[in-house]
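Per-entry structural report
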Amino acid sequence: MGLQTKMWLLVALLFAILYGVITGVGSYYGTGGTFSYIILAFLFLGVQYLLGPIMVQAMMKIKWVSENEEPELHRMVAELAEKAGIPKPRVGISQLNMPNAFAFGKSLRDGRVCVTEGIRGLLSKSELKAVLGHEIAHLKHRDMIVITILSAIPMIMYWIAWRLMWGGMLGDRRRDGGYAALIGLGAFLLYFITNLLVLYGSRIREYYADKGSVEYGNPPHQLASALYKLVYGSAKHQGKEDLRRVEGVRAFFLNDPARARNELTELAQVDTDMSGTIDSNELMELRQKSVKISSSQKMMELFTTHPNMLKRIKHLSTLN
């Protein structure tokens, strides 16, 4: 099944769950309460969406650079943006030593692409361009908007469950408190499930952005090699203070630095010549073989915004 198809089915499922809960609770308690939560959730996320770029810029210590200051970086971004058919985004450098890259912005015209100081000496020019292609694809696909909208659904589920469990929506039906509590428990279960579905959607967007980078002319092994180096660099240089600093924005990153040390062991299956890179031959070999992922890593992936890195590089091998 294609990535776009999976995403559309996921969106349909999430909104079907939302519609079902609103219809059920609304018919029993009246629609006023549930619709007020929908409005409140979207207002809250709207404010977060509008203020998000300011918060990201502050947390990531971004310095916006001109074409005169960083001509090569600007050239790559401009070329990729042209291939993607979007306006050239603003270019910045985060003063963090943790190697990574990210993109954000409220719209295509507000797009911003950044790399950290830590990534600049780690990747080759071809690998960096593949990484920038991934970030340009996120902007092209409007991923920040998509995930923000989907994130409203678990929030609505949580508020409905909380009010049902603790009597805020009972009104004149307090005698049915046990039944309402049962419905509340169901709503909490749906909150948990919809959260997992939104995380799954985020992982689909990562695969889709990888595909976009390849479509913009970057060989899959260059992005695979860049991802491998990022995992290695994150595992080697990360500290607790670094992870705390980026806790709220890790979803924007190309990879999740908090999982790097566990992923590095699995990626030894790909770097067969132990060169520290992944070349086209190694990626082609990976396409022909199955990979071994531990049960704990499979379980951990369910609760994260990024795919398991070994699975992700395996997927890149199919794009040759």
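Quick caveat, the model's predicted, so the values are computed rather than measured.

What counts and what doesn't
- Residues numbered from 1 in each chain as written.
- Predicted model: local features only at pLDDT ≥ 70, side-chain atom pairs only at ≥ 80, totals over all residues.
- Heavy atoms only, no water.
- Salt bridge = Lys/Arg side-chain N within 4 Å of Asp/Glu carboxyl O.
- Helix = DSSP H or I, 4+ residues; strand = E, 2+ residues; numbered from the N terminus.
- Buried < 20%, exposed > 50% of the residue type's maximum accessible area, 1.4 Å probe, protein only.
- Expected span 1.5 Å × (residues − 1).
- Pairing = 2+ DSSP bridges.
- Lys, Arg positive; Asp, Glu negative; His and termini not counted.
- Polar contact = N/O pair within 3.5 Å; in protein donor to acceptor, adjacent residues only side chain to side chain.
- Contact = heavy atoms within 4.5 Å.
- Axes fitted to C-alpha atoms, helices over the stretch in contact; angles between N-to-C directions.
- Patch = residues over 30% accessible without salt bridge, like charges linked within 9 Å, V, L, I, M, F, W, Y side chains within 5 Å.
- Areas by Shrake-Rupley, 256 points an atom, 1.4 Å probe, with all protein chains shown as cover.
- Phe/Tyr/Trp six-rings, centres within 6.5 Å; stacked < 30°, edge-to-face > 60°.

In this structure the tally under the stated criterion is 16 salt bridges. Arginine 120 serves as the salt-bridge partner of glutamate 117, at 3.9 Å between the closest nitrogen and oxygen. With a gap of three residues between them, glutamate 117 and arginine 120 both fall in helix α4 (residues 117-120), about one helical turn apart. Residue classification places arginine 120 among the partly exposed residues on the basis of a relative accessible area of 36%.

What follows concerns helix α5 (residues 125-140). Along its 16 residues, α5 runs 22 Å from first to last C-alpha, staying within 8% of the 22 Å computed at 1.5 Å per residue. Remark: arginine 142 follows α5 within two positions and exhibits a positive phi of approximately 55°.

To continue, consider the pairing of strand β4 (residues 112-116). Most of β4 is tucked away: five of the five residues are buried. Burial along β4 is two-sided: the residues Arg112, Cys114 and Thr116 and Val113 and Val115 are all buried. In the sheet, strand β2 (residues 90-94) pairs with β4 via five bridges, with the strands oriented parallel. Bridge pairing in β4 places valine 91 opposite valine 113. Looking at chain direction, strand β3 (residues 101-104) and β4 are connected through four bridges and run antiparallel. Bridge pairing links alanine 101 to valine 115 in β4.

Our focus in this paragraph is the side chain of aspartate 271. Within the element layout of this structure, aspartate 271 appears in the loop between α10 (260-266) and α11 (280-288). For the buried aspartate 271, no salt bridge is present, and the opposite-charge side chain at shortest range is lysine 229, 10 Å distant. Within the structure, the side chain of aspartate 271 is placed 3.1 Å from the side chain of tyrosine 228, a separation counted as a polar contact. Here the side chain of aspartate 271 touches serine 275 through a polar contact of 3.1 Å, landing on its backbone nitrogen. Here aspartate 271 is in contact with Tyr228, Gly276, Thr277 and Glu282, once residues within four sequence places are set aside.

The subject of this paragraph is the sheet that holds β2. One open sheet accounts for four strands, arranged β1-β2-β4-β3; its pairing is mixed. Each edge of the sheet is formed by a strand with only one pairing partner; in this case those strands are β1 (62-64) and β3. Adjacent strand axes in the sheet meet at a mean angle of 30°, parallel and antiparallel pairs treated alike. Summarising the sheet, β1 and β2 pair through three bridges and their orientation is antiparallel. By the bridge assignment, isoleucine 62 is partnered in β2 with serine 94.

Before going further, it helps to spend a moment on a nonpolar patch on the surface. Side chains of Leu189, Phe192, Ile193, Met299, Leu302 and Phe303 sit close together on the surface and give an oily, nonpolar patch of about 570 Å² of accessible area. Locating methionine 299 in the fold gives a position in helix α12 (residues 295-301).

Turning our eyes to something else, we now look at the packing of aromatic side chains. The geometry of an aromatic ring pair is captured by two quantities: the separation of the ring centres and the angle between the planes. In total, this model carries six aromatic pairs according to the counting rule given. Relative to phenylalanine 303, the ring of phenylalanine 192 has its centre 6.4 Å away and its plane inclined at 45°; by these criteria the two rings are tilted. Residue phenylalanine 192 is found in helix α7 (residues 177-215), and its partner phenylalanine 303 is found in the loop between α12 and α13 (309-317); the two are separated by 111 residues along the sequence. According to the relative accessible area criterion, phenylalanine 192 is partly exposed, its value standing at 41%. Of the residues examined, phenylalanine 303 reaches a relative accessible area of 45% and is grouped as partly exposed. Here the aromatic cluster, defined as three or more aromatic residues joined through ring pairs, consists of Trp64, Phe102, Phe104 and Phe253.

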